[in-house]
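# Structure at a glance
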Amino acid sequence: FGSKEFKEATAEAKRLNVELQKMQGGTKKAGGLGRMARTAGAVAAGGIFGGPEGAAGAAIGGLMGGPLGAATGAAIGAQVGMVRQAIGSTAEYSAALARQRKALRLVIGDIQKYNQAQEFLTETSNELAIPQDVITRQFTALTASVTGAGMSVSDAEKVFESIASGIRGTGGSLEDMKAAMVATSQVFSKGKVSAEELRQQLGERLPGAFTIFAESMGLTPAELDKALEQGKVTLDDFIKFSETLFKKYGENAKLLASGPEAAGDRLATAMSKLKDNVGQLLQPVGSTFQDTFTEIIENINEATKALNRFLGVGTENAINKAQRELEKAR
């Protein structure tokens, strides 16, 4: 504390404090500078808590009413931001679903079959309470595997409906259905049925799957085990299994999907339809919101840079200010 450096630093701190007091209590220009600084702070706070719209509202309010106007503008901007985010998320959902449907159309490769598949998905979504984004994504992956194995889109529909019904009919969740569809897609991608998918991946999500599979082939579980080891279980056998599964759980699945236990899934399904339909209407609006606020934020950025230069805020501006003061001293 008694060093030369400490004394020099203390003296410099006192000098800067005196200068600051002169600026704050002296001229109107200094008062205006303090007002600008407080307004700049309000704009920054508006951006932190209200996002780009909060910053925009604060900047506009600050021009008209100083710090208080900036705070008011930030609050209004934050509300606009909430609207923009809601519109944006709905439009994004609809756009993502449209991309998934385009992927399905490319996988199927036939517009008539694609339209039939869309009717199937709409009906299955309603009957089994599966949201549009979930059912479209899972069906696209399964169809790619099934048609890749040389089978038809109609086969993919039968397999999808049977697996989904089996999951619903045994009280499974949407997550169970997703996992079961992944396992089923793997079966068709590999071109054969293995004990791993049947006992573990599919069996864990669909209780009794192994026993039902054996039943569909007219075998005992032990005989099915042996057939799997020998690689004698084919994709045609899986199709027979799916038909047996649907006969067993098809009606139960619809009953459970309409029961009170599936109320949350039905709400999610209804909301997915609403977001899809509204999103298609709002895509142009959402795009306009994004473009408009991009331009506003760019203008705010330029204004902030100018204010930073004026106040000497930031490393680069501080260095420039110090250099100007040195030149004046010379």
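Before reading further, recall that the structure is shown in the block above.
Rules used in this analysis
Counting restarts for each chain: residues are numbered from 1 in the order of the written sequence. Per-residue local features are limited, in this predicted model, to residues with pLDDT of at least 70; the limit for side-chain atom pairs, both in listing and counting, is 80 or more; totals at the level of whole chains, interfaces and linings are taken over all residues. Only hydrogens and water are removed before side-chain values are computed, so all heavy atoms of the structure are retained for them. Pairing of aromatic rings covers Phe, Tyr and the six-membered ring of Trp, with a centre-to-centre limit of 6.5 Å; geometry is then stacked below 30 degrees between planes, edge-to-face above 60, and tilted otherwise. Helix and strand labels come from DSSP, where a helix needs a run of H or I of at least four residues and a strand needs a run of E of at least two; each type is numbered from the N terminus. Buried, partly exposed and exposed residues are distinguished by accessible area as a fraction of the type maximum, computed with a 1.4 Å probe on protein chains only: under 20%, between the cut-offs, and over 50%, respectively. To sit over a ring, a charge needs its Lys NZ or Arg CZ within 6 Å of the ring centre and within 35 degrees of the ring normal. Like-charged residues are merged into a patch within 9 Å and nonpolar side chains (Val, Leu, Ile, Met, Phe, Trp, Tyr) within 5 Å, provided each residue has over 30% relative accessible area and no salt bridge. Per-residue and other accessible areas follow the Shrake-Rupley method at a 1.4 Å probe size, with only the shown protein chains counted as cover for residues. Basic side-chain nitrogens of Lys or Arg form a salt bridge, by our definition, when they fall within 4 Å of a carboxyl oxygen of Asp or Glu. Site definitions follow a grid-based scheme: protein atoms alone, a 1 Å grid, a 1.4 Å probe that fits but cannot get out for cavities, and for pockets an open set with protein on both sides within 12 Å along at least five of seven lines, plus lining residues having an atom within 4 Å of a point. Grid points are joined across faces, edges and corners, and a volume is the space filled by probe spheres set on the points. Nonpolar residues are Ala, Val, Leu, Ile, Met, Phe, Trp, Tyr, Cys and Pro. Charged residues are Asp, Glu, Lys and Arg, and all others, Gly as well, are polar. Taken from the helix axis, the directions to the C-beta atoms give the arc we talk about. The contact rule is simple, with two residues in contact once any of their heavy atoms fall within 4.5 Å. Put simply, a nonpolar core is a bunch of buried Ala, Val, Leu, Ile, Met, Phe, Trp, Tyr and Cys residues held in one set by side-chain atoms that sit within 4.5 Å of each other. Axes here refer to lines fitted to C-alpha atoms; in helices the fit is confined to the stretch in contact. Angles between the N-to-C directions go from 0 to 180 degrees. Orientation categories follow fixed angle ranges, with anything under 35 degrees roughly parallel, anything over 145 roughly antiparallel, 65 to 115 roughly perpendicular, and all other angles oblique.

What follows deals with the packing of aromatic side chains. Taken as a whole and assessed by the stated rule, the structure comprises 7 aromatic pairs. Between Phe139 and Phe160, the ring centres sit 5.7 Å apart and the planes meet at 85°, which makes this aromatic pair edge-to-face. Within this pair, whereas Phe139 is found in helix H4 (residues 132-148), its partner Phe160 is found in helix H5 (residues 153-169), the two being separated by 21 residues in sequence. Note on accessibility: Phe139 and Phe160 belong to one class, buried. When the ring centre of Tyr114 is taken as reference, the NZ or CZ atom of Arg105 above it lies at 5.7 Å. Over the face of the ring belonging to Phe210 we find Arg199, whose NZ or CZ atom lies 3.7 Å from the ring centre.

Together, Leu267, Met271 and Leu274 give the surface a local cluster of nonpolar side chains, amounting to about 290 Å² of exposed area. For Leu274, a relative accessible area of 47% puts it in the partly exposed group.

The tally for this structure, following the rule as stated, stands at 1 cavity of 30 Å³ or more. Estimated volume of the largest cavity: approximately 30 Å³. Lining of the largest cavity is provided by Ile130, Ala164, Ile167, Arg168, Gly172, Ser173, Leu174 and Met177. Looking at the lining of the largest cavity, the elements that each hand over two or more residues are H5 and helix H6 (174-190). For the lining of the largest cavity, the leading source of residues is H5, giving 3 residues. Grouping the amino acids of the lining of the largest cavity by side-chain chemistry returns 5 nonpolar, 2 polar and 1 charged.

With that settled, the discussion passes to helix H9 (residues 221-229). Every buried residue of H9 is listed here: Leu224, Ala227 and Leu228. Here the buried residues of H9 occupy an arc of 100° about the axis, which is enough to place them on one side. What points out from H9, more than 90 degrees from its buried face, is the exposed set Ala222, Lys226 and Glu229. On its buried face, H9 is in contact with helix H7 (195-205) and helix H8 (209-217). Following H9 by one or two positions, Gly231 has its phi on the positive side, about 70°.

Another aspect to go through is the environment of Thr122. Mapped onto the secondary structure, Thr122 falls in helix H3 (residues 111-128). The partly exposed category is assigned to Thr122, whose relative accessible area is 38%. Between the alpha carbons of Thr122 and Ile135 there is a distance of 9.1 Å; along the sequence they are 13 residues apart.

As a further point, take the environment of Gly203. Relative to the assigned elements, Gly203 resides in helix H7. On the accessibility criterion, Gly203 (22% relative accessible area) is partly exposed. If near-sequence neighbours (up to four positions away) are discounted, Gly203 is found in contact with Glu197, Leu198 and Ala209.

So, about unusual backbone geometry. Keep in mind that most residues, glycine aside, have a negative phi and that most peptide bonds are trans. With a phi angle near 55°, Ala129 is a residue other than glycine that sits in the positive phi range. Turning to its location among the elements, Ala129 is positioned in the loop between H3 and H4.

Core analysis: the biggest nonpolar cluster contains 48 residues, and Phe139, Phe238 and Phe241 have the highest contact counts within it. Apart from the residues lying within four places of it in its own chain, the contact partners of Phe139 are Leu104, Ala117, Phe120, Leu121, Val153, Ala156, Glu157 and Phe160.

Bringing the pattern of salt bridges into the picture now. It is possible for side chains of opposite charge to pair when their charged atoms get near one another. Evaluated as defined, the whole model comprises 6 salt bridges. Of the charged contacts in the structure, one is a salt bridge between Glu175 and Lys178, with a shortest N-O distance of 3.2 Å. Of this pair, Glu175 and Lys178 both sit in helix H6, 3 residues apart, roughly one helical turn. Relative accessible area serves as the criterion here: at 23%, Lys178 is assigned to the partly exposed category. For Glu197, the salt bridge identified is with Lys190, shortest N-O distance 2.5 Å. Judged by its relative accessible area of 48%, Lys190 is partly exposed.

Between H3 and H5, the least distance of the axes is 12 Å, while the angle of their chain directions is 10°. When the axis of H3 is compared with that of H5, the two are roughly parallel. On H5, the residues touching Gln116, Ala117, Phe120, Thr124 and Leu128 of H3 are Glu157, Phe160, Glu161, Ala164, Ser165 and Arg168. Looking at the contact of H3 with H5 residue by residue, the class counts come to 5 nonpolar, 3 polar and 3 charged.

Within the secondary structure layout, Gln138 lies in helix H4. Note on Gln138: relative accessible area 10%, which makes it buried. Not counting residues within four places of it along the chain, the set of residues in contact with Gln138 comprises Phe160, Met177, Lys178, Met181 and Val182.

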